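Each chain, written out:
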Amino acid sequence: MSDDVSRFPVVEPAELPEDLRDRVGAIAEKSGFVPNIFRALGHRPAELRAFLDYHDALMDRSDGLSKAERELVVVATSGANHCTYCVVAHGAILRIRAKDPELADRVSSNPWQVELDERGRAIIDLALALARDSARFGEPELAAARAAGLTEDEIWDVGAITALFAMSNRLAHLTALRPNPEFFTMGR
């Protein structure tokens, strides 16, 4: 493995094109470390740039789902896909955004038994329906989300975030991506 981070080559931020160096640098400055996903995807800068653009378009929106709800979707999806990297990394973010040190662990290990309000349950159920058996996804799942009060825009967000992280989960599996040790203690 490359530096025990990935089965494929990894790069350091200084090796990235300037625009990516700036974006990754801002994240590293805020968190105190460079998340391994950027080192792993960075050896293919165009793909890292596209990933970050779509990630930011979905995860940094100010309307619709809250920041914590967006992370709830990521953790539920990543748990369903058995993606250690994404569960650990986004579990840390969920703990911080939800101000709950247990929620991410409960969602990633058994999302069906987590006690949530009706809105949270609808968000997780919708994400899981799409993540676990997307070919059977359809009107019943959408109707349940609407009945719980999710707007069409919020339903789209849940679906788009689930889809992006299904891809991300598979890239993490392909690369055998390891979570940074710092993630394990964040928000606890």
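Cut-offs used in this document
Residues numbered from 1 in each chain as written. Predicted model: local features only at pLDDT ≥ 70, side-chain atom pairs only at ≥ 80, totals over all residues. Heavy atoms only, no water. Phe/Tyr/Trp six-rings, centres within 6.5 Å; stacked < 30°, edge-to-face > 60°. Helix = DSSP H or I, 4+ residues; strand = E, 2+ residues; numbered from the N terminus. Buried < 20%, exposed > 50% of the residue type's maximum accessible area, 1.4 Å probe, protein only. 1 Å grid on protein atoms, 1.4 Å probe; cavity = no way out; pocket = protein on both sides within 12 Å on 5 of 7 lines; lining within 4 Å. Points joined across faces, edges and corners; volume = space filled by probe spheres on them. UniProt positions renumbered as here; feature names shortened; annotations may be inferred. Salt bridge = Lys/Arg side-chain N within 4 Å of Asp/Glu carboxyl O. Domains from an automatic or database assignment. Contact = heavy atoms within 4.5 Å. Buried area = accessible area lost by both parts, 1.4 Å probe. Polar contact = N/O pair within 3.5 Å; in protein donor to acceptor, adjacent residues only side chain to side chain. Nonpolar A, V, L, I, M, F, W, Y, C, P; charged D, E, K, R; others polar. Axes fitted to C-alpha atoms, helices over the stretch in contact; angles between N-to-C directions. Parallel < 35°, antiparallel > 145°, perpendicular 65-115°, else oblique. Left-handed = near helix turned anticlockwise from the far one by under 90°.

Within an unreviewed UniProt entry, the label attached to the protein chain reads Alkylhydroperoxidase, and the organism entered is Amycolatopsis albispora.

1. Remarks on the packing of aromatic side chains
Overall, the coordinates contain two aromatic pairs when judged by the stated rule. Centroid distance Phe33 to Phe183: 5.0 Å. Interplanar angle 85 degrees. Geometry classified as edge-to-face. You can see Phe33 sitting in the loop between α1 (18-31) and α2 (36-41) and its partner Phe183 sitting in the segment after α9 (152-175), a full 150 residues away along the chain. When sorted by exposure, Phe33 lands in the same class as Phe183, which is buried.

2. A few points about the layout of surface pockets
Of the pockets and cavities examined, the largest pocket occupies roughly 730 Å³. Forming the walls of the largest pocket are 26 residues, and the residues nearest its centre are Ile27, Phe38, His55, Ile93 and Arg97. Of all the elements in the fold, those that place two or more residues in the lining of the largest pocket are α1, α2, α3 (45-59), α5 (84-98) and α9. The element best represented in the lining of the largest pocket is α5, accounting for seven residues.

3. Regarding the UniProt feature "domain: Carboxymuconolactone decarboxylase-like" (unreviewed entry) in the protein chain
Those places that UniProt annotates as "domain: Carboxymuconolactone decarboxylase-like" (unreviewed entry) correspond, in this numbering, to residues 45-98. Secondary structure content for residues 45-98 is 81% helix and 0% strand, while the C-alpha to C-alpha distance between its ends is 32 Å.

4. Observations regarding the pattern of salt bridges
Throughout the structure, instances matching the rule amount to 19 salt bridges. The shortest N-O distance in the salt bridge between Arg44 and Glu47 comes to 2.8 Å. What makes Arg44 partly exposed here is its relative accessible area of 45%. You can call Glu47 partly exposed: its relative accessible area is 43%. Between Arg121 and Asp125 there is a salt bridge whose closest N-O contact spans 3.1 Å. Of the two residues, Arg121 and Asp125 are both situated in helix α7 (residues 118-132); the distance of four residues between them amounts to about one turn of the helix.

5. Remarks on the domain arrangement of the protein chain
Per the domain assignment, the segments of the protein chain are domain 1 (13-60) and domain 2 (67-175). Between the C-alpha centres of domain 1 and domain 2 there is a distance of 23 Å. Taken together, the contact pairs 10 residues of domain 1 with 13 residues of domain 2. Summed over both sides, the interface of domain 1 with domain 2 buries roughly 1,100 Å², with 71% coming from carbon and sulfur. Three residues, Phe51, Leu58 and Met59, lead the burial of domain 1 against domain 2; their summed loss comes to 55% of the area buried on that side. Inspection of the region where domain 1 meets domain 2 yields one salt bridge. One salt bridge in this structure joins Lys67 and Asp60, with 3.8 Å as the shortest N-O distance. The interface formed by domain 1 and domain 2 holds four residue pairs in polar contact (both at pLDDT 80 or more) in total. The set of elements that each furnish at least two residues to the side of domain 1 that touches domain 2 consists of α2 and α3. Residues that form the side of domain 1 that touches domain 2 fall into these classes: seven nonpolar, two polar and one charged.

6. Section: the packing of α7 against helix α8 (residues 139-147)
At their nearest, the axes of α7 and α8 sit 9 Å apart, and the two run at 165 degrees to each other. It follows from the interaxial angle that α7 and α8 lie roughly antiparallel. The handedness of the crossing between α7 and α8 is left-handed. Residues Glu118, Ala122, Leu126 and Ala129 of α7 form the contact with α8, whose own contacting residues are Glu141, Leu142, Ala145 and Ala147. Split into classes, the residues belonging to the contact of α7 with α8 amount to six nonpolar, no polar and two charged.

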